[in-house]
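Summary of structural features
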Amino acid sequence: MAGLVLAGCDAFEHSLPPLLRLLPALAALPGTTSLLVRALGVPALFGTPGRLNLFTARGFDRALVEDWLRPARTDAAVRADLTAFLRTVRPGPLVAAAGALPALAGRAAVVWGRRDRVFPPRDAERLARLLGTSVTWLDDALTSVPQDRPDAVADAVRAVLATAPKG
């Protein structure tokens, strides 16, 4: 691997993040996943900027959100897979993977939205320490840094690739 760029993501014991921690228990209730994928289509949650949209300051294109949700809304097998995933997601694999991060020191970047209300800012700092880098804090970004500031993510990728061994 040439390097790693992390931007507003699950990390350590925050998989799922605190905001979504009840999902495994809720997914165990029949019909809950179907209700969840319907509720996520409410434009205020993803499609439009505003107080209810915790993920992006710019909002996601409504057609894109519909594309994300359509398989789980229309295909029972996809919904069953999503339910199975939600029932079993646990932080253990992320906690275990953190031990391998120092091997990427000098070939990594952490880009985080200062206004992120989903993932704790302390996770960004912990990731940066393990990766031997600092956090690039973006004042105008929420959780979905690639949506809010694709330029900053592209800059981080270029910087990491510039440090990658050639050949």
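Residues numbered from 1 in each chain as written. Predicted model: local features only at pLDDT ≥ 70, side-chain atom pairs only at ≥ 80, totals over all residues. Heavy atoms only, no water.

Considering all chains together, one arrives at seven salt bridges under this definition. Note that R70 is salt-bridged to D67, the shortest N-O span being 2.9 Å. Placement of both R70 and D67 in helix α4 (residues 62–74) is noted, with a separation of three residues, approximately one turn of the helix. According to the relative accessible area criterion, R70 is partly exposed, its value standing at 38%. Residue D139 is joined to R114 by a salt bridge in which the shortest nitrogen-to-oxygen separation is 2.7 Å. (Salt bridge = Lys/Arg side-chain N within 4 Å of Asp/Glu carboxyl O. Helix = DSSP H or I, 4+ residues; strand = E, 2+ residues; numbered from the N terminus. Buried < 20%, exposed > 50% of the residue type's maximum accessible area, 1.4 Å probe, protein only.)

Let us look at the nonpolar core. Membership of the largest hydrophobic core comes to 26 residues, with the highest contact counts inside it found for L4, V110, W112, L127 and L131. A total of four residues in this core trace back to one element, the largest contributor, which is helix α7 (residues 121–131). (Core = buried A, V, L, I, M, F, W, Y, C linked by side-chain atoms within 4.5 Å.)

This part covers the confidence of the model for the chain. Across the chain, the average pLDDT comes to 89, with 99% of residues at or above 70. The secondary-structure element of the chain with the lowest mean pLDDT is helix α3 (residues 43–46), recorded at 75, while strand β3 (residues 135–138) shows the highest, at 97. (pLDDT = per-residue confidence, 0-100.)

Structurally, A141 is set in the loop between β3 and α8 (145–148). On the basis of relative accessible area, A141 is assigned to the buried category, the value being 0%. A C-alpha to C-alpha distance of 8.8 Å links A141 and F55, two positions 86 residues apart in sequence. For A141, the contacting residues outside a window of four places in its chain are G113, R114, R115, D116, D148 and R149. (Contact = heavy atoms within 4.5 Å.)

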